[in-house]
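# Chains, contacts and geometry: an overview
So the chains spell out like this:
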Amino acid sequence: MSQSNRINGGLIDRSQTWDFTFNGKKMQGHPGDTLASALIANGQKLVGRSFKYHRPRGIFTAGSEEPNALVQLRAGAHQEPNTRATVAELFDGLTATSQNHRGPLEYDFMAVTDFLSPFLSAGFYYKTFMWPKAFWEKIYEPIIRSSAGLGSLSMKEDPDSYDKGFLHCDLLVIGAGPSGLSAALTAARSGARVILADEDFRPGGRLNSETLEVDGMSGSDWAAHTVAELSAMDNVRLMTRTTVYGAYDHGTYGALEKCTDHLASSGGKPRQILWRIYSKRAVLAAGATERPIAFGNNDRPGVMMASAVRTYVNRFGATPGQQVAVFTNNDDGWRTAKDLADKGVEVNAVIDTRNQPPVIEIPGARYHRDAKVRDTIGRKGIKAITLADDQVIPVDCLAVSGGWNPNVHLTCHQRGRPEWRDDINAFVPGGVLPVGMTVAGAANGQLSLASALQEGHDQAAAQLKDIGIKVAKAKLPQAEDEARESVAFWHVKESDKRAWVDLQNDVTVKDVKLANHEGFRSVELLKRYTTMGMATDQGKTSNISGLAILAEEAGKTIPEVGTTIFRPPYTPVPMGALGGRARGKDFRPYRLTPSHKWAEANGGSFVTVGNWMRAEWYTRGNEKGWRDSVDREVQMTRNSVGICDVTTLGKIDVQGKDAAAFLNKVYANGFAKLDVGKVRYGIMLREDGICYDDGTTARMSENHYVMTTTTANAVLVFRRMEFARQCLWPNMDVHLISTTDGWAQFAVAGPNARNLLRKVVDDEHDMSNEAFPFMACGEVTICGGMPARLFRISFSGELAYEIAVPARYGNSMMSVLNEAGAEFDACPYGTEALGVMRIEKGHAAGNELNGQTTAHNLGMGRMVSQKKECIGNVLSQRPELVRDDAIKLMGFKPVNPETKLIAGSHFINKGAEANMDNDQGWMTSVAYSPILGHSIGLGFIKSGDTRKGEIVRAVSPLHGTEMEVEICSAHFIDPEGERLRA
Amino acid sequence: MIINHPILGPRDAAEFVCLGDACMIDRPDWEAEDAMQQFHEYGYLRDNPAGQHQELWYHEQGDRSWLVLTRNTLTHEITKVEMARDVARSRGRDK
């Protein structure tokens, strides 16, 4: 029965036939089909099971508002759940399967839930699964989740790629129906930069679905001509398959373009592009969505929106039935009957809720005036309908028309509130619209073709005028105004069977009434209690009917009840598109140190530090674990010399006549008197007196300083310093540049550091301890004339230097240093050895400068000057921050040297119970010291400076550990600093 | 949002970092009698107006200018954009 429901006409290419499968069944379709139209052409009525009751469901609409026909498209890693068959373009070889059933679609075992429906009314989760509480997470929820729900994920990585893009225009036209095309034409002919976006693959909107004429040709031909004209113009970007899903601030719009979804394979191109469109003005021409009428068993496969039936018949040449009845409360529904009859499809009844003469004579159809459909028969496909007067009419398709709802969604994204119009029984845009947006056509309540064309032109012209573009004169497209009368009619009261309001969430008229009865009378509460209007369709066919029924039940008017707030996105946006290229290793940018290549070639193992990839250690020979490498690196450095890439530390170049005065303000300690050629350690406070960052600053010349910050705070310190410079002391002559990426910098540390560097630094520079002592700095040349900067500073506690060269020489500098160091048995060391050595030396780092600690805590309280203006010094003196018994940074060693200390342990006095009241402080950093041969730690403990030698317990309830530790000096190595000054 | 930078023209808000209330410019005098109290208020107390608000934005992904925006927190309408340095000077800040 291939394409048994295919009829003549339509905008499909019959010269080509494509094969596709649905649930493994082979079917055929043509280019121009959607999956839904092809299923209809092949007579497939039943396409899925409903969310909650597993009711058999068919195709309900012909657009993105589809609540029922959700399928899984494609297979394997490409599998895409919850795809609306109505917007999925057919391609040769397409495979689709139905979802949300156990066993075959026709005999879903879970359909038993439908017979339990009396127990499953609105809010049944909340009422039923209250006891026992512990059962919710482990028993109830997993069962509900697996029985209710939609499609499933493949659980494989998405093999497609997604892009993001940015566009600019004078006028964005959203929707390429009659008003949108008219607006775009006016703007394009006036020379404006126009973007015309439409979710469909064929522009034209309802023009492609109707038999109306424009300028004496068929609507679809006029649309095609107009599109051809627009496409030929350089100032127009026509974006089909592109949904503008959100209206954001200041004329910015989000749009999703489906680039290759209509192809069997994306062929390496991005599957979808998420666009950010910057528009000066926008015309929303999003059209309108037809709404259903609720009556008993109105969810059977074969019950369909009347406008959708027209779309399938006129646009796709496929009829949803062979014996069709139309149920309407308005004139528009009659056109479905007429178009079907014109195509030779039998229409056996037109049922109009109004008591009036027929709108159009339909040959062969019996007219039932002032009549209603009460019930339907046929579980897996409609077989007959029962009217309120009990007449039974055999049908295989029922077209329902309840009137049209303007698509106001995007007008509400910036707090716009739709207004009710009694004359069309619908909400139209109201309140404050997004900046720069106007609305045209059906979206604005202009429901006839002629008025839509006119308003599209008018709104575009007004928008162009507003931004100073002269509107070109042109003849307006001509069309006739079609009959549009309607009445408000929402549901059939005579129905005693369940009447569905929201098909996607299985919400019935009874559920809406129950919600009102139980006190959920605000429309927002109704939505959350019944789940009406949630999920992939966001209630496009159900919201207005639901709130109309609520209004009726509560004895209010519809505008009194109001709508729920529409939020982006208009239609679902895949996570893949939102993520774009930011996934896997490209999730965020990463930065490589200048010596990265050298490190890779020399056993480097890397760790991410912020965005940086730093060498953590360098594995040599048959070292088995990281500790082998780290212990060796520490020992080799302390015994001879080690080399470490420290480029990642922030570097800020500070210049200007007021540079010294400026540094004096941003650092807590004094910098004004630092001599040229000297380096000083400095601490920065936050304004609240807490330590913020530390580092060294070198005075290279009278008005030129080079500051270093910690790696983590490089960006933030720079930001703060710009704030201080521009906002706090705006008249200072001082300028800042971040030079972190400009200079590659290496620490050369250990007793042989000077001997090594002597081989690299050019001979004319005196490197003796007298000429270049601890904390000296200067510009030098190396390797026969290359400029470099040399700083005699030490983080390791050894005789140490840092040497900086322009970043492009960083990799070769690393090999030069290591080659020069070969005779001293030099080794490169990574961040782990760096960490061990700084703990051995008792230097604070991120674990100690954690945003909770003060200079007083760190034992550097006296560095905070009270004799000058600087950030943070006033509040650093708050009584609580300078208490005598404040926590102090100390060293800790295990009483049993075999014990491994644990960072994060809290200190408890001997004999005291381990609870928060007895908390004495905590261990911040621990390491195994290969020099001392046991575990060591740094930490904060109350009055630590007076407690050296005391034994306390380090307790970690998290690890379930407890051990005795001795409080000691934080300087485990060389407490007198003799090595650094050697 | 689009921020109309006084030097660079309209720029996407994504290029900026927002610090908050422009009262951060009015840093108290550290030598005042009640400096501790003033700094406490400066550091901790902020108005949170629904409507017009002056706030500091930093063009971090741009020219590093600090700007003062006059922005309506309800509608996001930005009615004025100034260089923070000019605002600071006009409020009497010096060296």
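Residues numbered from 1 in each chain as written. Chains lettered and ligands numbered in written order. Predicted model: local features only at pLDDT ≥ 70, side-chain atom pairs only at ≥ 80, totals over all residues. Heavy atoms only, no water.

### Considering the overall build of chain A
- The helix and strand inventory of chain A stands at 21 helices and 50 strands.
- Counting only C-alpha atoms, chain A reaches 110 × 70 × 55 Å along its principal axes.
- Here chain A holds 982 residues, and the buried ones make up 60% of them.
- Across chain A, contacts joining residues at least 24 apart in sequence account for 66% of those joining residues at least 6 apart.
- Averaging the positions of the 110 positive and the 114 negative side-chain charges in chain A gives two centres separated by 1 Å. (Helix = DSSP H or I, 4+ residues; strand = E, 2+ residues; numbered from the N terminus. Buried < 20%, exposed > 50% of the residue type's maximum accessible area, 1.4 Å probe, protein only. Contact = heavy atoms within 4.5 Å. Lys, Arg positive; Asp, Glu negative; His and termini not counted. Charge placed at Lys NZ, Arg CZ, Asp CG, Glu CD.)

### Re the overall build of chain B
- Across its full length, chain B holds two helices and six strands.
- For chain B, buried positions account for 43% of its 95 residues.
- For chain B, the share of sequence-separated contacts (at least 6 apart) that also reach a separation of at least 24 residues comes to 48%.
- Looking at chain B as shown, the accessible area adds up to about 5100 Å², and 46% of this sits on carbon and sulfur atoms.
- One finds the centroid of the 11 positive side-chain charges in chain B at a distance of 6 Å from the centroid of its 17 negative side-chain charges. (Areas by Shrake-Rupley, 256 points an atom, 1.4 Å probe, with all protein chains shown as cover.)

### Regarding the nonpolar core
- Phe20(A), Phe22(A), Leu35(A), Leu39(A), Ile59(A), Leu94(A) and Tyr312(A) are the most contacted members of the largest nonpolar core, which has 50 residues in total.
- Both domain 1 (1-156) and domain 3 (290-404 + 484-561) of chain A contribute no fewer than three residues apiece to this core.
- If we ignore the near neighbours within four places in the chain, the residues touching Leu94(A) are Asp19(A), Phe20(A), Thr21(A), Leu35(A), Leu73(A) and Glu89(A).
- In this structure, Ile652(A), Met707(A), Phe718(A) and Val87(B) belong to the second largest nonpolar core, which totals 42 residues. (Core = buried A, V, L, I, M, F, W, Y, C linked by side-chain atoms within 4.5 Å. Domains from an automatic or database assignment.)

### Some remarks on the packing of helix 10 (residues 509-517) of chain A against helix 11 (residues 523-530) of chain A
Residue and element names in this part refer to chain A.
- In contact at an axis separation of 10 Å, helix 10 and helix 11 are set at 120° when each is read in the N-to-C sense. Of the possible angle classes, the one that applies to helix 10 and helix 11 is oblique. The way helix 10 lies across helix 11 gives a crossing that is right-handed. Mapping the contact onto sequence places Asp511, Val512 and Ala515 in helix 10 and Leu526, Tyr529 and Thr530 in helix 11.
- Taken together, the residues of the contact of helix 10 with helix 11 sort by class into four nonpolar, one polar and one charged. (Axes fitted to C-alpha atoms, helices over the stretch in contact; angles between N-to-C directions. Parallel < 35°, antiparallel > 145°, perpendicular 65-115°, else oblique. Left-handed = near helix turned anticlockwise from the far one by under 90°. Nonpolar A, V, L, I, M, F, W, Y, C, P; charged D, E, K, R; others polar.)

### Examining the sheet that holds strand 20 (residues 366-369) of chain A
Residue and element names in this part refer to chain A.
- The five strands lie next to each other as 17-24-18-19-20, forming an open sheet whose pairing is parallel. Two strands bound the open sheet, and with one partner strand each, they are strand 17 (303-305) and strand 20. Ignoring strand direction, the axes of neighbouring strands in this sheet form an average angle of 20°.
- As defined by bridge partners, strand 17 adjoins strand 24 (residues 397-401) across three bridges and the pair is classed as parallel. Bridge assignment links methionine 305 to a residue of strand 24, and that residue is valine 400.
- The strands that helix 7 (residues 306-315) touches are strand 17 and strand 24; relative to strand 17, the one it contacts most, it runs at about 85°. (Pairing = 2+ DSSP bridges.)

### Focus: a nonpolar patch on the surface
Residue and element names in this part refer to chain A.
- Taken together, Val112, Leu116 and Phe119 make up a surface patch of nonpolar side chains, about 300 Å² in accessible area.
- Locating leucine 116 in the fold gives a position in the loop between helix 2 (112-115) and helix 3 (124-128).
- Judged by relative accessible area, leucine 116 falls into the partly exposed class, the value being 39%. (Patch = residues over 30% accessible without salt bridge, like charges linked within 9 Å, V, L, I, M, F, W, Y side chains within 5 Å. Salt bridge = Lys/Arg side-chain N within 4 Å of Asp/Glu carboxyl O.)

### Here's the deal with the pairing of strand 47 (residues 919-929) of chain A
All names here are of chain A.
- For strand 47, the tally of buried residues reaches eight of 11 residues, placing the bulk of the element in the interior.
- With three bridges connecting them, strand 46 (residues 906-909) and strand 47 associate as antiparallel partners. Note on strand 47: the bridge partner recorded for phenylalanine 907 is glycine 921.
- With eight bridges connecting them, strand 47 and strand 48 (residues 934-942) associate as antiparallel partners. Opposite methionine 923, over in strand 48, you have glycine 939 as the bridge partner.
- In this antiparallel pair of consecutive strands, strand 47 and strand 48, the connection spans four residues, and glycine 933 shows a positive phi of 80°.

### A look at the environment of Thr311(A)
Residues and elements named next belong to chain A.
- Topologically, threonine 311 is positioned in helix 7.
- C-alpha separation for the pair threonine 311 and leucine 207, spaced 104 residues apart in sequence, amounts to 9.7 Å.
- Among all residues touching threonine 311, those that are not within four sequence positions of it are Ala62, Arg206, Ser209 and Phe316.

### Focus: the interface of chain A and chain B
- Each partner contributes to the interface: chain A provides 36 residues, whereas chain B provides 34 residues.
- For the pair chain A and chain B, the two sides together bury roughly 3100 Å², of which 54% comes from carbon and sulfur.
- Three residues, His250(A), Arg719(A) and Gln726(A), lead the burial of chain A against chain B; their summed loss comes to 19% of the area buried on that side.
- Run the count over chain A and chain B and you get six salt bridges.
- For the pair chain A and chain B, the interface holds 20 residue pairs in polar contact (both at pLDDT 80 or more).
- Broken down by secondary-structure element, the contributors of at least two residues to the side of chain A that touches chain B are strand 15 (272-284) and helix 18 (714-728) of chain A.
- Sorting elements by how many residues they give to the side of chain A that touches chain B places helix 18 of chain A first, with nine residues.
- Among the residues forming the side of chain A that touches chain B, the class breakdown is 14 nonpolar, eight polar and 14 charged. (Buried area = accessible area lost by both parts, 1.4 Å probe. Polar contact = N/O pair within 3.5 Å; in protein donor to acceptor, adjacent residues only side chain to side chain.)

### Concerning the pattern of salt bridges
- The tally for this structure, following the rule as stated, stands at 66 salt bridges over all chains.
- In this structure, a network of salt bridges that share partners links the residues Arg55(A), Arg57(A), Asp114(A), Asp299(A), Arg379(A), Arg498(A) and Asp506(A).

### Topic: the domain arrangement of chain A
- As assigned here, chain A comprises domain 1 (1-156), domain 2 (162-288 + 406-466), domain 3 (290-404 + 484-561), domain 4 (591-620 + 627-648 + 742-838), domain 5 (650-738) and domain 6 (883-982).
- Computed from C-alpha coordinates alone, the two centres of domain 2 of chain A and domain 4 of chain A are separated by 61 Å.

### Describing the side chain of Ser65(B)
- Residue placement: Ser65(B) occurs in the loop between strand 4 (52-58) and strand 5 (66-72).
- Looking at Ser65(B), the relative accessible area reads 6%, which means it is buried.
- A distance of 2.7 Å separates a polar atom in the side chain of Ser65(B) from a polar atom in the side chain of Asp63(B).
- Ser65(B) has contacts with Gln726(A), His5(B), Trp57(B), Tyr58(B), His59(B) and Met83(B), leaving out every residue within four places of it along the chain.

### A closer look at helix 12 (residues 543-554) of chain A
Residue and element names in this part refer to chain A.
- Helix length check: helix 12, at 12 residues, gives a terminal C-alpha distance of 16 Å against a target of 16 Å (1.5 Å per residue), a fit within 8%.
- Taking burial as the measure, the 12 residues of helix 12 include nine buried ones, the bulk of the element.
- Those residues of helix 12 that fall on the buried side of the exposure criterion are Asn543, Ile544, Ser545, Gly546, Leu547, Ala548, Ile549, Leu550 and Ala551. (Expected span 1.5 Å × (residues − 1).)

### Concerning the sheet that holds strand 33 (residues 612-618) of chain A
Residue and element names in this part refer to chain A.
- With mixed pairing, three strands are arranged side by side in an open sheet as 31-33-32. Of all the strands in the sheet, just strand 31 (591-592) and strand 32 (604-609) have a single pairing partner and so form its edges.
- Where strand 32 and strand 33 come together, six bridges link them in antiparallel fashion. Looking at strand 33, one finds that threonine 608 is bridged to methionine 613.

### A word on helix 18 of chain A
- A rise of 1.5 Å per residue sets the reference length of helix 18 of chain A, with its 15 residues, at 21 Å; its end C-alpha atoms lie 20 Å apart and thus fit the reference within 8%.
- With respect to burial, helix 18 of chain A is a largely interior element, 11 of its 15 residues being buried.

### Regarding the confidence of the model for chain B
- The predicted model of chain B has a mean per-residue pLDDT of 97, with 100% of residues at 70 or higher.
- Scored by ipTM, the complex comes to 0.99, with pTM at 0.91. (pLDDT = per-residue confidence, 0-100.)

### Some remarks on the packing of aromatic side chains
- Under the counting rule described, the total for this entry stands at 17 aromatic pairs over all chains.
- Their ring planes at 70° and their centres at 5.5 Å tell us that Phe295(A) and Phe327(A) sit as a pair that is edge-to-face. Of the two residues, Phe295(A) sits in the loop between strand 16 (288-290) and strand 17 while Phe327(A) sits in strand 18 (residues 323-328), which places them 32 residues apart along the sequence.
- Overall, the relative accessible area of 0% leaves Phe295(A) in the buried class.
- Each ring, one from Phe16(B) and one from Trp57(B), has its centre 6.5 Å from the other, and the planes form 75°; the classification is edge-to-face. Pair noted here: Phe16(B) is in the loop between strand 2 (9-12) and strand 3 (17-21) and Trp57(B) is in strand 4, with a separation of 41 residues, a long-range link. (Phe/Tyr/Trp six-rings, centres within 6.5 Å; stacked < 30°, edge-to-face > 60°.)

### Here we look at unusual backbone geometry
Residues and elements named next belong to chain A.
- The step from proline 568 to proline 569 runs through a cis peptide bond, and the omega angle for that step is 0°.
- When you line up the elements, proline 569 lands in the loop between helix 13 (558-561) and helix 14 (575-579).
- The backbone of aspartate 390 sits at a positive phi, close to 75°, despite the residue not being glycine.
- With respect to the helices and strands, the residue aspartate 390 is situated in the loop between strand 22 (384-387) and strand 23 (392-394).
- The phi dihedral of alanine 535 is positive, around 70°, even though this residue is not glycine.
- Looking at where alanine 535 falls in the secondary structure, it is placed in the loop between helix 11 and helix 12.

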